[in-house]
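Spelled out, the chains give:
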Amino acid sequence: MYIKKILIAIVILGLVAAAFFAHFVYNAMLRPNTAFNNEVAYIFVPTNASYQEVRSQLEPLLDDMDSFDALAERKKYTSNIKAGRFEIKKGMSNNDIINSIRSINLPIKLSFNNQESLEKLAGRVSSQIEADSLSVLNSMKNPEFLAENHFNEATALGMYLPNSYEFFWNTSAAAFRNRMLKEYNRFWSESKRKKAEEIGLSPNQVIALASIVHEESKQASEQPRIAGVYMNRLRIGMPLQADPTLKFAAYQLPKYKNTIIKRVLNVHKEIDSPYNTYKNLGLPPGLIAMPDISAINAVLNYEKHKYLYFAADSNRLGFHKFAKTLSQHNVNARAYQRYLSSQGINR
């Protein structure tokens, strides 16, 4: 009888212990432990982050931080932090959360459009990934990288094609740059390189001209015609006389910092710069801004015609009037100059 009571007591104690253990397992591992109302929340874990850094992001999102700490320690997450962007869904348990933040690094959509310089591009990129703008810029300007891949500081911006790309948030500056080189080489397929060769330009020169075309017109439908005008000028040895290059040259001077040139004047044509295509024959040393892919394709597939001139059309803003003769161009140009004056745009 005595032994029987002992056995019963042991069984009861075992059941109680099992109940406590089940309760602990449920609370620590299986019970929903989110405190936000949205369907999903995200945390961004930096490279080499400590558990305390992760914890500070999680604390506002969880109901019971102590139970999470206990399970994180038990599952050795506290000493095995992974960097990246992680998702926490409403109603997740501690176990679900730990599994998510240590193994499911979610990519982001990194996008950039027509940035005017490497500095501005670096700032745009660094606002979307972990790498800071200085490290991105230094990576872009790395002399060894540029020389190895046939770029220089004047042409380097042309390696970055405006689009949306999938990256992990914790991508390093060098990894971003190297991925962009792969995208550039993928874009410059054998057929595109052959087209460039056929029109007598290198890929860097195509992009330099495309940057002018894109600054002249954002209308993809007329970009091939504008590209044709410039190709005609190059072919006969006529200066490009591209107003956007004058603006670019001006913006390099202290006098024009933090200004917007709305009207190109004769004084701008006197600026001493290799980008002044009124003074210098041929293409400028590099691109003046990041062109759309449409403008690059417009140069590669430029319209063959006999136009040598074009002027903005005051009746269809954003479009241009084209001319084969200087006299007709002067008529078109004067009409647009009158429009600018009527709008009070004098500089």
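Note that the structure is predicted; figures quoted are calculated from it, not measured. (Residues numbered from 1 in each chain as written. Predicted model: local features only at pLDDT ≥ 70, side-chain atom pairs only at ≥ 80, totals over all residues. Heavy atoms only, no water.)

Q: Residue-level account of the packing of helix α2 (residues 51-58) against helix α3 (residues 65-74), with values.
A: Close contact between α2 and α3 brings their axes to 12 Å; oriented N to C, the two are set at 145°. Considering only the axes of α2 and α3, their crossing is right-handed. When α2 is examined against α3, the residues Y51, R55 and L58 are found in contact with a partner set consisting of M65, D66, F68, D69 and A72. Across the contact of α2 with α3, the residue classes tally to 5 nonpolar, no polar and 3 charged. (Axes fitted to C-alpha atoms, helices over the stretch in contact; angles between N-to-C directions. Helix = DSSP H or I, 4+ residues; strand = E, 2+ residues; numbered from the N terminus. Left-handed = near helix turned anticlockwise from the far one by under 90°. Contact = heavy atoms within 4.5 Å. Nonpolar A, V, L, I, M, F, W, Y, C, P; charged D, E, K, R; others polar.)

Q: For helix α14 (residues 326-342), give the residues involved together with the corresponding values.
A: For an α-helix, 3.6 residues make a turn, and residues three or four places apart therefore share a direction. Over its 17 residues, α14 extends 24 Å from the first C-alpha to the last, a length consistent with the 24 Å expected when each residue adds 1.5 Å. Within α14 the residues assigned to the buried category are H329, N332, A333 and L340. Taken end-on, α14 shows its buried residues confined to a sector of 95°, consistent with a single buried face. α14 presents S327, R338 and S342 as exposed residues on the side facing more than 90 degrees away from its buried surface. On its buried face, α14 sits against β5 (309-312) and β6 (320-323). Backbone geometry just downstream of α14 places G344 in the positive-phi region, at approximately 75°. (Expected span 1.5 Å × (residues − 1). Buried < 20%, exposed > 50% of the residue type's maximum accessible area, 1.4 Å probe, protein only. Arc of directions from axis to C-beta.)

Q: Tell me what's going on with the confidence of the model for the protein, and back it up with residues and numbers.
A: For the protein, mean pLDDT is 92; residues scoring 70 or higher make up 92% of the total. Here residues 15-23 is a poorly scored stretch, pLDDT under 50, and it has 0 contacts once near neighbours within four places are set aside; other chains count. (pLDDT = per-residue confidence, 0-100.)

Q: Report on the pattern of salt bridges, specifying residues and quantitative values.
A: In this structure the tally under the stated criterion is 9 salt bridges. Across the pair D69 and R55 runs a salt bridge whose closest N-O atoms are separated by 2.7 Å. Here D69, found in helix α3, pairs with R55, found in helix α2; they are 14 residues apart in sequence, far enough to count as distant. R186 serves as the salt-bridge partner of E183, at 3.0 Å between the closest nitrogen and oxygen. Pair noted here: E183 and R186 are both in helix α8 (residues 173-187), with a separation of 3 residues, about one helical turn. Of the residues examined, E183 reaches a relative accessible area of 15% and is grouped as buried. (Salt bridge = Lys/Arg side-chain N within 4 Å of Asp/Glu carboxyl O.)

Q: Tell me about the nonpolar core, and name the residues and values.
A: Membership of the largest hydrophobic core comes to 63 residues, with the highest contact counts inside it found for F112, Y160, F176, W188, Y230, I296 and V299. Setting aside residues up to four positions removed in sequence, Y230 forms contacts with L209, I212, V213, E216, L240, A242 and F310. In terms of nonpolar packing, the next biggest core, distinct from the first, is built from 21 residues, Y51, F68, A72 and I101 among them. (Core = buried A, V, L, I, M, F, W, Y, C linked by side-chain atoms within 4.5 Å.)

Q: Account for unusual backbone geometry, with residues named and values stated.
A: Across the chain, the bulk of peptide bonds are trans and the bulk of non-glycine residues have phi less than zero. With a phi close to 65°, N48 is a non-glycine residue in the positive phi region. The phi torsion at Q241 lies on the positive side, around 50°, for a residue other than glycine. Within the element layout of this structure, Q241 appears in the loop between α11 (223-236) and α12 (243-251).

Q: Talk me through the packing of aromatic side chains; I want residue IDs and the actual numbers.
A: Inspection of every chain in the model, using the stated rule, returns 13 aromatic pairs. Between R85 and the ring centre of Y42, over which it is positioned, the NZ or CZ distance is 4.3 Å. One residue, K304, lies across the ring of Y302, its end atom 4.6 Å from the ring centre. (Phe/Tyr/Trp six-rings, centres within 6.5 Å; stacked < 30°, edge-to-face > 60°. Lys NZ or Arg CZ within 6 Å of the ring centre and 35° of its normal.)

Q: Which residues make up the environment of I296, and what values go with them?
A: One can find I296 in helix α13 (residues 293-300). I296 sits 69 residues away from A227 along the chain, and the two C-alpha atoms are 9.5 Å apart. For I296, the residues in contact, after removing those within four places along its chain, are L161, F187, W188, V206, I207, A210 and P291.

Q: So what's going on with α3? Which residues, and what values?
A: Turning to α3, its buried residues number three or more, namely M65, S67, F68, D69, L71 and A72. Regarding α3, its N-cap is D64, as a side-chain oxygen of that residue lies 3.2 Å from the backbone nitrogen of D66 further along. Once α3 ends, the next one or two residues include K76, with phi positive near 65°. (Polar contact = N/O pair within 3.5 Å; in protein donor to acceptor, adjacent residues only side chain to side chain.)

Q: Let's hear about the packing of helix α10 (residues 203-216) against α12: which residues, and what values?
A: Packing of α10 against α12 leaves a shortest axis separation of 8 Å and a crossing angle of 100°. One way to sum up the angle between α10 and α12 is to call them roughly perpendicular. Contact residues: I212, E215 and E216 in α10; D243, P244 and T245 in α12. A breakdown of the residues in the contact of α10 with α12 according to their chemical character gives 2 nonpolar, 1 polar and 3 charged. (Parallel < 35°, antiparallel > 145°, perpendicular 65-115°, else oblique.)

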